[in-house]
Amino acid sequence: MNKYLISKKIVINDLSTFYSFLIGLSIGITIGSIILLVQGQNPIEVFSLMLRLSVGSIKSLSSSLNKATPLILAGLGISIINSVKLWNIGAEGQIFMGGIALNFIYISYQIPNSKLSIILLLLTAFVGGSICILLPALAKVLFGVNEIITTLLFNYIIIGFTVYLVNGPWKDPNSLNFPAATYVGKEVYLPTVFGRLSYGFIICILCTAGVHYLKEKSVFGYELRISGGSALTAIYAGINAKQKAFIALLIGGGLAGLAGGIELLSQTHRVSTGLSQGFGYTAIIVAAITGMRPLGIFLVGSLFGALTIGGTVIQTMGVSSYIADVIQATTLFGALISQFFFTYKIKEVTNDV
Amino acid sequence: MMFDIQLMGLLNATLQAGTLLFIAALGELITEKSGILNLGVEGMISIGAVTGFMVAVNTGNLFLSVLIGVFSASLFASLHAFVTVILKQDQTVSGLILTILGLSLSALLGKKYVGKKLPVKIESLIEIDEPSNIFEVLISQNYIFYLGIFLMVATAFVLKKTMFGRRLEAVGEDSRAADSMGLNVNKTQFIATCVGGGFSGLAGVYLTLSYVPYWTDNMTSGRGWIALALVIFGGWKPYRTAVGALLFGFLEALVPRLQTYGFELSPYLVKITPYAITIIILIVLTIYKGGRTGAPSNIGIPFFRENR
């Protein structure tokens, strides 16, 4: 019997993540097609309709990019946190918290200048996201409590809190039976660039550039990478690893909060349980599939935004929108599997070694 | 007398909620013992829940439903095993995606089953409407409850007293040493991951065929994550995990009853308390143990023969 040994390749193709993504995407689409076939739908018909309704016109393309905005921002947050080798599974809750914080400031204070007001409100959303991750972050750096479970559980807490707010203190009497908070005024709506494309996407481009610079070029990014590596190296380099991890967590949570703020000011215009439709979870896929690279997150996030829009519109055909989720998740699994062949070599050895 | 019935009702609900959490946590414990972290518990429960429900609605055969539910969750877990054990990819990423895929896939599968009535239900050992003492509560539980107790004893025995259990622990603590002793690390980890998935599947079947006998999307509502917290709480030991399951089950059972006990609370806020208390318990426990949690040393680290 022959045995196989695997070992890491010394030289790994720079574009391997990109190739794995393409292979993964084709696997994802294949599995999506099989599911559609089983359900008695014509996959080519469904996918071409999805394509047309997500990128076919300026109007639909701009909707797709709007949908991509929270995915990209939350994904960027996850990628910053991952540079210290930590995980943020709580982006979903942080998106809600961003919206909640924004609405809280909006109804508590009146700011006469609407431009200034929008900027302040978005900053509040960022702070809201940071507050949401504060406890898991403190528990992690002070006591070493597993941040994966704490950030995830916070999703349930924040979403429960949202349900409470929109059914109780913030319930809009005019919304009839649908539980939602009162709409924010038109003066704080985010303006559009063209079509339906909101300025949120511009903020998103700026954040992508900022995070790219922060992670790849700045001293801070270097310190983050060291902090995520060995504890001894950080001590030798004179870096306070825990402090860096804490800051990274707060920034990452803040970016997800900002995503919630933008979503509120540009799309939903009010706090409701529909403020985020699983963006925080999709953002994890987006970040992981790109190997946490900011520019990759921007591209894949845009694509997944289109896929989500496509998934929503095919609901009218009687196809469940969960098909988009399945395609996204299987794409990542496919990418993980093909990544193996780019990073490892397999050696066959005879039994007598 | 009235108070007694209320108390027994609370105990009853505690055992029911605890059973689900415990079985899922026990499966995860077995997986983690081998050094593989599987964050996909939520997704695996969901897969077990929907497949079990589908089979039950279509055939009315309970035994077959449980079998299919367990088997399909186990098969689903083998995806994680393939990606992390054979292909050595990141366990955190793979596990998270397993959760997302499990939730969306089960929603897709169960789309036609939302609102369907169940022709059969997993029965209790002895039907007692309003148990009035502890003994009556204990003998009137669902069959899965007793299966859970059996699995607890069996798992503790297998882990401590059998070759398979010792092998599992050796692989999870030091896979390099285990490998040089001639153990097949990959095989052990693969089996442990699939067994863990099967346990989650059983928890899922229990969820749809007894605990809440219907199917809706995302009905696992974070229980898989609480099960993960439970493994940490139990220090990777079956009996201590059972104690934890009772505690967490008690929280889940107590919360909806608080209002009947005269506490003025918003029902919406009450719903989030189990999650909040889980976080608090996790933090307090980690501080108390000072970092020595009892986790298998190799957890999350892929094993390579050639990593010298």
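Our subject is the structure listed above.
A brief structural summary.

Here is what the cut-offs are and how they apply
- Positions within a chain are numbered from 1, following the residues in the order the chain's sequence is written.
- Working convention: letters from A go to chains and numbers from 1 go to ligands, in the order in which they are written.
- Per-residue local features are limited, in this predicted model, to residues with pLDDT of at least 70; the limit for side-chain atom pairs, both in listing and counting, is 80 or more; totals at the level of whole chains, interfaces and linings are taken over all residues.
- Side-chain numbers come from the whole structure's heavy atoms, not from hydrogens or water.
- The helix and strand labels rest on DSSP assignments: H or I over at least four residues marks a helix, E over at least two residues marks a strand, and numbering proceeds from the N terminus.
- The atom set for the radius of gyration is the C-alpha atoms, and the globule formula is 2.2 Å times the number of residues raised to the power 0.38.
- For every residue, the accessible area (1.4 Å probe, protein chains only) is compared with the maximum for its type, and the residue is labelled buried under 20%, exposed over 50%, or partly exposed between those bounds.
- What makes two residues a contact is simply this: any of their non-hydrogen atoms within 4.5 Å.
- Here the positive residues are Lys and Arg and the negative ones are Asp and Glu; neither His nor the chain ends is included.
- Here the site of a charge means atom NZ of a Lys, CZ of an Arg, CG of an Asp or CD of a Glu.
- In the sections that follow, a salt bridge refers to a side-chain nitrogen of Lys or Arg positioned within 4 Å of a carboxyl oxygen of Asp or Glu.
- Identification of polar contacts relies on pairs of N or O atoms within 3.5 Å, with a donor-acceptor requirement for protein atoms, meaning one able to donate a hydrogen and the other able to accept it, and with residues adjacent in sequence counted only if both atoms are side-chain atoms.
- Inter-axis angles, ranging from 0 to 180 degrees, are taken between N-to-C directions of lines fitted to C-alpha atoms, where helices are fitted over the stretch in contact.
- For this classification, under 35 degrees means roughly parallel, over 145 means roughly antiparallel, 65 to 115 means roughly perpendicular, and everything else is oblique.
- The handedness criterion is simple: a crossing whose near helix is rotated anticlockwise from the far helix by less than a right angle is left-handed, and one whose near helix is rotated clockwise is right-handed.
- Side-chain classes are defined by residue name, with Ala, Val, Leu, Ile, Met, Phe, Trp, Tyr, Cys and Pro counting as nonpolar, Asp, Glu, Lys and Arg as charged, and the others, Gly among them, as polar.
- Given a helix with a known number of residues, its expected span is that number minus one, times 1.5 Å.
- In this analysis the local bend is the angle between axes fitted, respectively, to the seven residues ending at and the seven residues starting at the residue.
- Any two of the Phe, Tyr and Trp rings considered here, Trp counted by its six-membered ring, make a pair once their centres fall within 6.5 Å; the pair's planes then place it as stacked at under 30 degrees, edge-to-face at over 60, or tilted in between.
- Two parts placed together each lose some accessible area under a 1.4 Å probe, and adding up what both lose gives the buried area.

Points about the overall build of chain B
Next, step 1: A count of helices and strands for chain B gives 12 helices and 0 strands.
Next, step 2: Relative to the globule expectation of 19 Å for 308 residues, the C-alpha radius of gyration of chain B, 20 Å, shows essentially globular dimensions.
Next, step 3: When burial is assessed residue by residue, chain B has 57% of its 308 residues classed as buried.
Next, step 4: Expressed as a percentage of contacts within chain B between residues at least 6 apart in sequence, the contacts between residues at least 24 apart total 77%.

Looking at the overall build of chain A
Next, step 1: When helices and strands are counted, chain A shows 13 helices and 2 strands.
Next, step 2: On the principal axes, the C-alpha backbone points of chain A span a range of 80 × 60 × 35 Å.
Next, step 3: A total of 353 residues make up chain A; the buried ones form 56% of that total.
Next, step 4: Excluding contacts between residues fewer than 6 apart, the proportion of contacts in chain A whose partners are at least 24 apart in sequence is 77%.
Next, step 5: Put simply, chain A has 21 plus and 12 minus side-chain charges, and the middle of one group is 4 Å from the middle of the other.

Focus on the pattern of salt bridges
Residues and elements named next belong to chain B.
Next, step 1: Per the stated rule, a full pass over the model turns up 6 salt bridges over all chains.
Next, step 2: Across the pair E169 and K33 runs a salt bridge whose closest N-O atoms are separated by 3.7 Å. Residue E169 is found in helix α7 (residues 163-173), and its partner K33 is found in helix α1 (residues 2-33); the two are separated by 136 residues along the sequence.
Next, step 3: The class for K33 is buried, based on a relative accessible area of 11%.
Next, step 4: For R166, the salt bridge is made with E169, and the minimal N-O distance between the two is 3.6 Å.

Quick word on the side chain of S104 of chain B
Next, step 1: If you trace the backbone, S104 of chain B turns up in helix α4 (residues 91-109).
Next, step 2: For S104 of chain B, a relative accessible area of 2% gives the class buried.
Next, step 3: In this structure the side chain of S104 of chain B is engaged in a polar contact, spanning 3.2 Å, whose partner is the backbone oxygen of L101 of chain B.
Next, step 4: With residues near it in sequence (within four places) discarded, S104 of chain B still touches Y322, D325 and V326 of chain A.

A look at the packing of helix α4 (residues 91-108) of chain A against helix α5 (residues 114-143) of chain A
All names here are of chain A.
Next, step 1: Relative orientation of the contacting elements α4 and α5 amounts to 130 degrees, with a least axis distance of 7 Å. By the angle class used here, α4 and α5 are oblique. In this structure, α4 meets α5 at a crossing whose hand is right-handed. In contact with G93, Q94, M97, G98, A101, L102, I105 and Y106 of α4, α5 contributes L121, L122, T124, A125, G128, G129, C132 and I133.
Next, step 2: Split by residue class, the contact of α4 with α5 holds 10 nonpolar, 6 polar and no charged.

Quick look at helix α12 (residues 267-289) of chain B
Next, step 1: The terminal C-alpha atoms of α12 of chain B lie 34 Å apart, and with 23 residues this matches the ideal 33 Å at 1.5 Å per residue to within 8%.
Next, step 2: Where α12 of chain B bends most, the angle comes to about 35 degrees, and this point is T273 of chain B, followed within four residues by the proline P274 of chain B.
Next, step 3: By the burial criterion, the buried members of α12 of chain B are V270, I272, P274, Y275, T278, I279, I281, L282, I283, L285, T286 and K289 of chain B.
Next, step 4: Where α12 of chain B is buried, its residues meet α5 and α6 (147-167) of chain A together with α10 (223-233) and α11 (238-254) of chain B.
Next, step 5: Directly beyond the C-terminal end of α12 of chain B, a positive phi value near 55 degrees is found at G290 of chain B.

A closer look at the packing of aromatic side chains
Both the distance between ring centres and the angle between the ring planes are used here to describe each pair of aromatic rings.
Next, step 1: Evaluation of the coordinates by the stated rule reveals 10 aromatic pairs over all chains.
Next, step 2: Geometrically, the ring pair formed by Y156 of chain A and Y275 of chain B is stacked, given 4.8 Å between the ring centres and 15 degrees between the ring planes. Separated into two different chains, Y156 of chain A in helix α6 and Y275 of chain B in helix α12 make up a pair that spans both.
Next, step 3: Residue classification places Y275 of chain B among the buried positions, given a relative accessible area of 12%.
Next, step 4: Linked through ring pairs, F18, Y19 and F342 of chain A together constitute an aromatic cluster.

Here's the deal with the interface of chain A and chain B
Next, step 1: Contacts between the two partners involve 47 residues from chain A, matched on the other side by 46 residues from chain B.
Next, step 2: Interface area, chain A with chain B, both sides summed: about 4,200 Å², of which 82% is carbon and sulfur.
Next, step 3: Among the residues of chain A in contact with chain B, Y156, Y322 and F333 of chain A are the three that bury the most area, contributing 16% of the side total.
Next, step 4: Along the contact surface separating chain A from chain B lie 0 salt bridges.
Next, step 5: Linking chain A with chain B are 3 residue pairs in polar contact (both at pLDDT 80 or more).
Next, step 6: For the side of chain A that touches chain B, the secondary-structure elements that each account for two or more residues are β1 (3-8), α5, α6, α11 (279-289), α13 (322-343) and β2 (344-349) of chain A.

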